Amino acid sequence: MEKKILDPEPKVSKMTIIGWLSLILAIILFSGTLSTTQDWRSGFDFVTLTGHFGALKEGKDFMGVGGTGVRAGFLLALSLAPCVMLAMGLISIVEHTGGFNVAQRLLTPILRPLLGLPGIASLALIASLQSTDAGAGMTKTLCDEGLITNKERTVFAQFQMSGCGVINNYLTIGSMVFSSLICPIAVPLLVIIVLKIFGANLTRMIINRSSEKGAK
Amino acid sequence: MEKRMNIFDMFLEGARKGWDIAIHSLLPNVIMAFTIIKFFQVTGILKFIGIIFAPVMGIFGLPGEAITVNLTAVMSQAGAIGVLAGLISNGSIDVRQVTIILPSVFAAGGILQNIGRVLGTSGVNTRYYGVLVGVTLLNGILALIIMSILTKIFY
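Everything numeric in this text was worked out from a predicted model, so none of it was measured. (Residues numbered from 1 in each chain as written. Chains lettered and ligands numbered in written order. Predicted model: local features only at pLDDT ≥ 70, side-chain atom pairs only at ≥ 80, totals over all residues. Heavy atoms only, no water.)

Asks: I would appreciate a short explanation of the overall build of chain B in the present structure.
Replies: When its secondary structure is counted, chain B shows 7 helices and 0 strands. When its helices and strands are written in sequence order, chain B yields α-α-α-α-α-α-α. Along the three orthogonal principal directions, the C-alpha set of chain B runs to about 60 × 40 × 35 Å. Counting the 155 residues in chain B, one finds 48% classified as buried. Considering only residue pairs separated by 6 or more positions, chain B has 66% of its internal contacts joining residues 24 or more positions apart. Total accessible area on chain B stands at roughly 7400 Å², and carbon and sulfur atoms take up 70% of it. Of note, chain B has its 10 positive side-chain charges centred 7 Å away from the centre of its 6 negative side-chain charges. (Helix = DSSP H or I, 4+ residues; strand = E, 2+ residues; numbered from the N terminus. Buried < 20%, exposed > 50% of the residue type's maximum accessible area, 1.4 Å probe, protein only. Contact = heavy atoms within 4.5 Å. Areas by Shrake-Rupley, 256 points an atom, 1.4 Å probe, with all protein chains shown as cover. Lys, Arg positive; Asp, Glu negative; His and termini not counted. Charge placed at Lys NZ, Arg CZ, Asp CG, Glu CD.)

Quick look at the structure:
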């Protein structure tokens, strides 16, 4: 499993089998791929596990029919608590079992072609997908320690700026409207992540061009 | 350093965090957003906004009222999703349109606070702030375009 001798960056954490399983399980759970299955497989779907409130009156849950204003909003926010708690509980398991470590290790070799960043930034990148502040703090440390250049910091900040802390934010805040989505919940998330990468590369091009101009 | 946790402890730790988020972050945001939407609705402002912005938002297959979601998003993602939920509850927006607008809230969300939280904290040179904010706004518009195409093709 471990190949520490060949590892050029010993700071990067190790990949464990449990970590792999946990990451794969997380992807299955949150991607919604099993949401339409009716058999045992649906037990591995986040939306299925969230379930729904029982009906008070024909076809409606405890929020009732025709609520308006702040009181309707209050019930909506309360109705979200189970979903947010389940999402954060599952994410916590993935985190503690090393699922994110595996993701980080998988990212390390592709960071350079993808964003022009050194592999060492993968830890900060994974952190930034979960928490805006953790990602930004780690980015500053990377630059202060000379592990990334000023230009790389700017590109990395762009990646974080659009869709900040997206995994946690999307699964918690976004859950308010998940029941109104007509596509699997993973589709909007993927669109955001692709745009994050696109935006960072656009910024990289803009900075490169402006520094070329500066040289002339 | 860290106490060894079993899988139940792990889940419980996260679930507690989830409760804090739901009660301390989502709930106040939703209350605020629903107040604003209700005020806009009964005063007729929402209808007015809908008419004014119908041509712009119509490009993406959205009603004019949807601009309130994206404008709120610049300040707060949770507020914006609250506004979106408000629009759903009063029937201003349908499921297809919710699907189109959702990713744009996150792609161009919380820009004002992130100037401090991301750019300030990470120490980016201030002369790039304009570029970074501009590209982030562009990402929001691209998200609307991509989702309106995706929903047209697949759903």
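From this point, things continue past the structure.
Asks: When you look at the environment of B:Ile51 in this model, what are you seeing that I'm missing?
Replies: Assignment of secondary structure puts B:Ile51 in helix H2 (residues 45–58). Each C-alpha atom of the pair B:Ile51 and B:Glu65 lies 7.8 Å from the other, and the pair is 14 residues apart in sequence.

Asks: Please explain the nonpolar core as it appears in this structure.
Replies: Grouped burial of nonpolar side chains is what soluble globular proteins tend to show. Counting residues in each nonpolar core, the largest one holds 98 residues, and the members touching the most others are A:Tyr170, A:Met176 and B:Ile81. A per-element tally of this core places helix H3 (residues 69–96) of chain A first, with 13 residues. (Core = buried A, V, L, I, M, F, W, Y, C linked by side-chain atoms within 4.5 Å.)

Asks: Any chance you could explain the interface of chain B and chain A here in plain terms?
Replies: One frequently used descriptor of interface size is the decrease in accessible area upon assembly of the parts. Across the contact, 62 residues belong to chain B and 62 residues belong to chain A. Roughly 5400 Å² is buried in total at the junction of chain B and chain A, and carbon and sulfur atoms are behind 78% of that figure. Our count for the chain B to chain A interface comes out at 1 salt bridge. A salt bridge links B:Arg117 to A:Asp133; the nearest nitrogen and oxygen atoms lie 2.9 Å apart. Counting across the interface, chain B meets chain A through 12 residue pairs in polar contact (both at pLDDT 80 or more). Sort the elements by how many residues they give to the side of chain B that touches chain A and helix H1 (residues 7–43) of chain B lands first, with 19 residues. (Buried area = accessible area lost by both parts, 1.4 Å probe. Salt bridge = Lys/Arg side-chain N within 4 Å of Asp/Glu carboxyl O. Polar contact = N/O pair within 3.5 Å; in protein donor to acceptor, adjacent residues only side chain to side chain.)

Asks: Would you explain the pattern of salt bridges in this entry?
Replies: A pair can form between side chains of opposite charge whenever their charged atoms are brought close. All names here are of chain A. Applying the stated criterion across every chain, the model contains 4 salt bridges over all chains. Here aspartate 39 ties to arginine 41 by a salt bridge, and the two come within 3.1 Å at their closest N and O atoms. Since its relative accessible area comes to 35%, arginine 41 is described here as partly exposed. Linking aspartate 144 and lysine 140 is a salt bridge whose minimum nitrogen-to-oxygen distance equals 3.3 Å. Within this pair, aspartate 144 and its partner lysine 140 are both found in helix H7 (residues 132–144), separated by 4 residues, close to a single helical turn. The exposure class assigned to aspartate 144 is exposed, which follows from its relative accessible area of 54%.

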